[in-house]
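Coordinates in review
Take a look at the letters that make up each chain.
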Amino acid sequence: MRVLIVEDERDLADALRRALEEEGYAVDTAQDGAEGLHKARSWEYDAVVLDLMLPKLDGRAVLTRLREAKSTPVLVLTARDAIQDKVALLDLGADDYLTKPFALGELLARVRSLIRRGCSDPRPMLRIGQVAVDTVARVVRLGDQIVPFSAKEYALVEFLVVHRGELVTRTMIYEHLYDESDDSLSNVLDVYVSRIRKRLGNDFVRTRRGEGYIVDA
């Protein structure tokens, strides 16, 4: 899944990016509101982490203008903890908020929750036959056994299972699993699909030649 962080405090943005990448997310960053709004409108993100106090365009303006075009889940970071401030953020279109300072584990949990809510099936455990995808622990099980996958391979399994029964194009996968700086998009997807089939069964992922991939519901 792909996340955008809009945060002008470089140390905080870097810490959030590293934490999300360690969880297997593709992460883009923006250091001001204008850049953040441009990226949020230009790409299909699974979630946006948005600070309120930003140069060029503040978080409220970013949120308001983004909601004119997209329904991307947004987690707002704010230093204000008054009830009226939180109510105002939700009324502007925020899906959730987190008051600074915050625990990193809570932010990761809230991002997971937002992404699940944006999917057709918000359950944390997704099952297809003997395959179970735990979106909280971020592991895949086949029967009672945990199947070893790299972070990016897991992300692909989760994305395919979330969209089970639907045709998933290569473009959709690239847009949701890779960040803007990734240039390793040649045949790596074919390698990942081959590994998934080897570990979960040849019939788990079907290829529609020239179109994409599909996992049966």
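Quick caveat: nothing in here was measured; it's all calculated off a predicted structure.

Reading guide: rules and limits
- Residues numbered from 1 in each chain as written.
- Predicted model: local features only at pLDDT ≥ 70, side-chain atom pairs only at ≥ 80, totals over all residues.
- Heavy atoms only, no water.
- Helix = DSSP H or I, 4+ residues; strand = E, 2+ residues; numbered from the N terminus.
- Buried < 20%, exposed > 50% of the residue type's maximum accessible area, 1.4 Å probe, protein only.
- Contact = heavy atoms within 4.5 Å.
- Phe/Tyr/Trp six-rings, centres within 6.5 Å; stacked < 30°, edge-to-face > 60°.
- Lys NZ or Arg CZ within 6 Å of the ring centre and 35° of its normal.
- Pairing = 2+ DSSP bridges.
- Right-handed = clockwise from strand over helix to strand, strands pointing away.
- Axes fitted to C-alpha atoms, helices over the stretch in contact; angles between N-to-C directions.
- Parallel < 35°, antiparallel > 145°, perpendicular 65-115°, else oblique.
- Left-handed = near helix turned anticlockwise from the far one by under 90°.
- Core = buried A, V, L, I, M, F, W, Y, C linked by side-chain atoms within 4.5 Å.
- Domains from an automatic or database assignment.
- Buried area = accessible area lost by both parts, 1.4 Å probe.
- Salt bridge = Lys/Arg side-chain N within 4 Å of Asp/Glu carboxyl O.
- Polar contact = N/O pair within 3.5 Å; in protein donor to acceptor, adjacent residues only side chain to side chain.

Here we come to the environment of Gln130. Note that Gln130 resides in the loop between strand S6 (125-128) and strand S7 (131-134). A relative accessible area of 58% places Gln130 in the exposed class. For the pair Gln130 and Asp144, spaced 14 residues apart in the sequence, the C-alpha separation amounts to 8.8 Å. Residues within four places of Gln130 in sequence aside, it is in contact with Arg141, Leu142 and Gly143.

This brings us to the packing of aromatic side chains. Working definition: an aromatic ring pair is given by the centre-to-centre distance plus the angle between the planes. Evaluated as defined, the whole model comprises one aromatic pair. Above the ring of Tyr25, the side-chain terminus of Arg138 is found at 4.6 Å from the ring centroid. A cation sits over an aromatic face here: Lys152 above Tyr178, 5.0 Å from the ring centre.

So, about the pairing of strand S4 (residues 74-78). With five of its five residues buried, S4 lies for the most part within the structure. The sheet contact formed by strand S3 (residues 47-51) and S4 spans four bridges and is parallel. Its bridge partner being in S4, Leu50 is matched across the sheet by Val76. In this fold, S3 hands off to helix H3 (residues 59-67), which returns the chain to S4; that crossover is right-handed. As paired strands, S4 and strand S5 (residues 96-99) are joined by four bridges and run parallel to one another. Looking across to S5, one finds that Val76 is bridged to Tyr97. One crossover worth recording links S4 to the parallel S5 by way of helix H4 (residues 83-92), and it is right-handed.

Turning to the environment of Asp179, a few remarks are in order. With respect to the element layout, Asp179 can be found in the loop between helix H7 (170-177) and helix H8 (188-200). Along the chain, Asp179 and Gln31 lie 148 residues apart, while their C-alpha atoms are 16 Å from each other. If we skip the residues at most four places from it in the chain, Asp179 touches Arg2, Glu21, Ala26, Val27 and Asp28.

Turning to the sheet that holds S7, a few remarks are in order. Read from one edge to the other, the open sheet built from four strands follows the order S6-S7-S8-S9, with strand pairing classed as antiparallel. The open sheet has two free edges, formed respectively by S6 and strand S9 (145-147), since each of these has just one partner strand. In this sheet, neighbouring strand axes are inclined to one another by 30 degrees on average, regardless of whether the strands run parallel or antiparallel. Bridge count between strand S8 (residues 139-142) and S9: three bridges; the pairing is antiparallel. Looking at the pairing, Arg141 lines up with Ile146 of S9. This element, H8, spans S7, S8 and S9 of the sheet and lies at about 40 degrees to S8.

Quick look at the packing of helix H6 (residues 151-162) against H7 now. Packing of H6 against H7 brings their axes to within 11 Å, and their N-to-C directions diverge by 125 degrees. Taken together, the axes of H6 and H7 lie oblique to each other. H7 is crossed by H6, and the crossing has right-handed handedness. Packed against H6, whose contacting residues are Lys152, Ala155, Leu156 and Phe159, the element H7 presents Met172, Ile173, His176 and Leu177 at the interface.

The biggest cluster of nonpolar side chains holds 48 residues, and the ones touching the most others in it are Leu107, Val111, Leu156 and Leu200. In terms of domain composition, this core takes at least three residues from each of domain 1 (2-118) and domain 2 (125-214). Leu4, Leu57, Leu63 and Val74 belong to the second largest nonpolar core, which has 18 residues in total.

Another point: the domain arrangement of the chain. Domain assignment breaks the chain into domain 1 (2-118) and domain 2 (125-214). Contacts between the two partners involve 14 residues from domain 1, matched on the other side by 12 residues from domain 2. Interface of domain 1 and domain 2: buried area, both sides summed, is about 1,200 Å²; carbon and sulfur atoms make up 42% of it. Here domain 1 is connected to domain 2 by zero salt bridges. If you look at where domain 1 meets domain 2, you find six residue pairs in polar contact (both at pLDDT 80 or more).

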